[in-house]
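Coordinate analysis (summary)
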Amino acid sequence: MSKANKSTIHVQGTSITVLAQREDSFISLTDIARTKNSERSDDLVRNWLRNRNTVEFLGIWERLNNADFNSVEFDGIKMQAGLNSFTLTPKQWIEKVNAIGIVSNTGRYGGTYAHKDIAFEFASWISVEFKLYLIKEFQRLKQDENLRLSQTWNLNRTLSKLNYRIHTDAVQTHLIPSAITAAQAAITYASEADLLNVALFGLTAKQWRDGNAALEGNMRDHATIEQLLVLANLESMNAEFIHMGLAQAERLKRLNATAIRQMQVLTSDVVLRQLREV
């Protein structure tokens, strides 16, 4: 598994490692197995893999989630599953069928990990009671993570609003003649807001509404944390560009280049992992 964020949950006195990678969570089968036998955790995982029901379950999961699943090789494994002579290790399963639901790691996060769907199935094989407690603690972990993300989103939304005030003040001072009406001034404000929208989202507000008629609010209400942070930066930059007297076309080029560069940085695996650890 490539770069992932590590968390630990505690289930009936046992520490269970959870690795989060973008939208997926992988739970340590090795840690789960230790609750049954701390000295033979790897043997327990291999014994579980020998079970015919396990092989069938894994095959169905891969078919549903893995476009590159080797179903031909799987059929051969399925025919052998359950026989006394049948053996299967996590690495063999991964290599033979190109599986993505189970991961065998070495080094820092060493051990056997599985997608949460599969990990819960393994936990049930170990102990139904343990599985229920595992699910409860995993859900608690996800709720805590979502709360932190929500707080971060709200903070960036607030920063964006504050910077928007700086931005509109610059528009009022340098771009709006004193003799025009309030309605005419609103056109200029909207134009500058759309300048930021195009620089970051590639769309004007109207274009977004036309393409998302079923959604409530505007494109900024549906922006990601990273987009809101970049938007806040762009608003401050555009205010300075306006004070410098730069033409709108030149400002758009500079803002778009900045938006691309900052989004590339903020959406990199390294930065995403650091944000999760905050």
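Residues numbered from 1 in each chain as written. Predicted model: local features only at pLDDT ≥ 70, side-chain atom pairs only at ≥ 80, totals over all residues. Heavy atoms only, no water.

1. Section: the nonpolar core
With 36 residues, the main nonpolar core has Ile32, Trp93 and Leu134 as its most contacted residues. Examining the composition of this core, we find that six residues originate from one element, helix H6 (residues 116-126), more than from any other. Not counting chain neighbours up to four residues away, the residues in contact with Trp93 comprise Leu58, Gly59, Glu62, Phe69, Phe74, Ile77, Leu88, Asn98, Ala99 and Ile102. By size, the runner-up hydrophobic cluster in this structure holds 17 residues, among which are Leu195, Met219, Ala223 and Leu255. (Core = buried A, V, L, I, M, F, W, Y, C linked by side-chain atoms within 4.5 Å. Buried < 20%, exposed > 50% of the residue type's maximum accessible area, 1.4 Å probe, protein only. Helix = DSSP H or I, 4+ residues; strand = E, 2+ residues; numbered from the N terminus. Contact = heavy atoms within 4.5 Å.)

2. Here's the deal with the side chain of Asn66
Assignment of secondary structure puts Asn66 in the loop between helix H3 (52-65) and helix H4 (71-80). You can call Asn66 buried: its relative accessible area is 8%. Within polar-contact distance, the side chain of Asn66 engages the backbone oxygen of Asn98 at 2.8 Å. Excluding residues within four positions of it along the chain, Asn66 makes contact with Asn98, Ala99 and Ile100. (Polar contact = N/O pair within 3.5 Å; in protein donor to acceptor, adjacent residues only side chain to side chain.)

3. Considerations on the environment of Val230
Here Val230 shows up in helix H10 (residues 225-244). C-alpha separation for the pair Val230 and Ile260, spaced 30 residues apart in sequence, amounts to 9.3 Å. Discounting residues that sit within four places of it in the chain, Val230 has contacts with Leu200, Ala259, Gln262, Met263 and Leu266.

4. Section: the packing of helix H2 (residues 41-50) against H3
Relative to each other, H2 and H3 sit at 80°, their axes nearing to 5 Å. Taken together, the axes of H2 and H3 are roughly perpendicular relative to one another. Contacts from Trp48, Leu49 and Arg50 in H2 reach Arg52, Thr54, Val55 and Leu58 in H3. Taken together, the residues of the contact of H2 with H3 break down into four nonpolar, one polar and two charged. (Axes fitted to C-alpha atoms, helices over the stretch in contact; angles between N-to-C directions. Parallel < 35°, antiparallel > 145°, perpendicular 65-115°, else oblique. Nonpolar A, V, L, I, M, F, W, Y, C, P; charged D, E, K, R; others polar.)

5. Re the pairing of strand E2 (residues 14-21)
Where burial is concerned, most of E2 is hidden: six out of the eight residues are buried. Alignment of strand E1 (residues 5-11) against E2, held across seven bridges, turns out to be antiparallel. Bridge pairing links Ser7 to Val18 in E2. Between E1 and E2, which pair antiparallel and follow one another directly, the connecting turn spans two residues, one of which, Gln12, has a positive phi of 50°. Here four bridges tie E2 to strand E3 (residues 24-28), and the two strands are oriented antiparallel to one another. When the bridges of E3 are listed, Gln21 appears paired with Asp24. (Pairing = 2+ DSSP bridges.)

6. Things to note about the sheet that holds E2
Taking strand neighbours across the sheet as the criterion, the five strands line up as E1-E2-E3-E5-E4 in an open arrangement whose pairing is antiparallel. Two strands bound the open sheet, and with one partner strand each, they are E1 and strand E4 (102-105). Strand-to-strand twist of the sheet, defined as the mean angle between neighbouring strand axes without regard to direction, takes the value 30°. In the packing of H6 onto the sheet, the strands contacted are E3, E4 and strand E5 (111-115), and the crossing angle to E5 comes to about 110°.

7. Observations concerning the packing of aromatic side chains
Summed over all chains, the structure comprises six aromatic pairs. Ring centres of Trp48 and Phe122 lie 5.0 Å apart, and the angle between their planes is 65°; this geometry places the pair in the edge-to-face category. On the criterion of sequence distance, the pair formed by Trp48 in helix H2 and Phe122 in helix H6 is long-range, its members being 74 residues apart. Each member of the pair, Trp48 together with Phe122, is buried. With centroids separated by 6.0 Å and ring planes inclined at 25°, the aromatic side chains of Phe122 and Trp125 adopt a geometry described as stacked. Of this pair, Phe122 and Trp125 are both found in helix H6, three residues apart, which corresponds to roughly one turn of the helix. With a relative accessible area of 0%, Phe122 lands in the buried category. (Phe/Tyr/Trp six-rings, centres within 6.5 Å; stacked < 30°, edge-to-face > 60°.)

So yeah, pure geometry; function would need other evidence.
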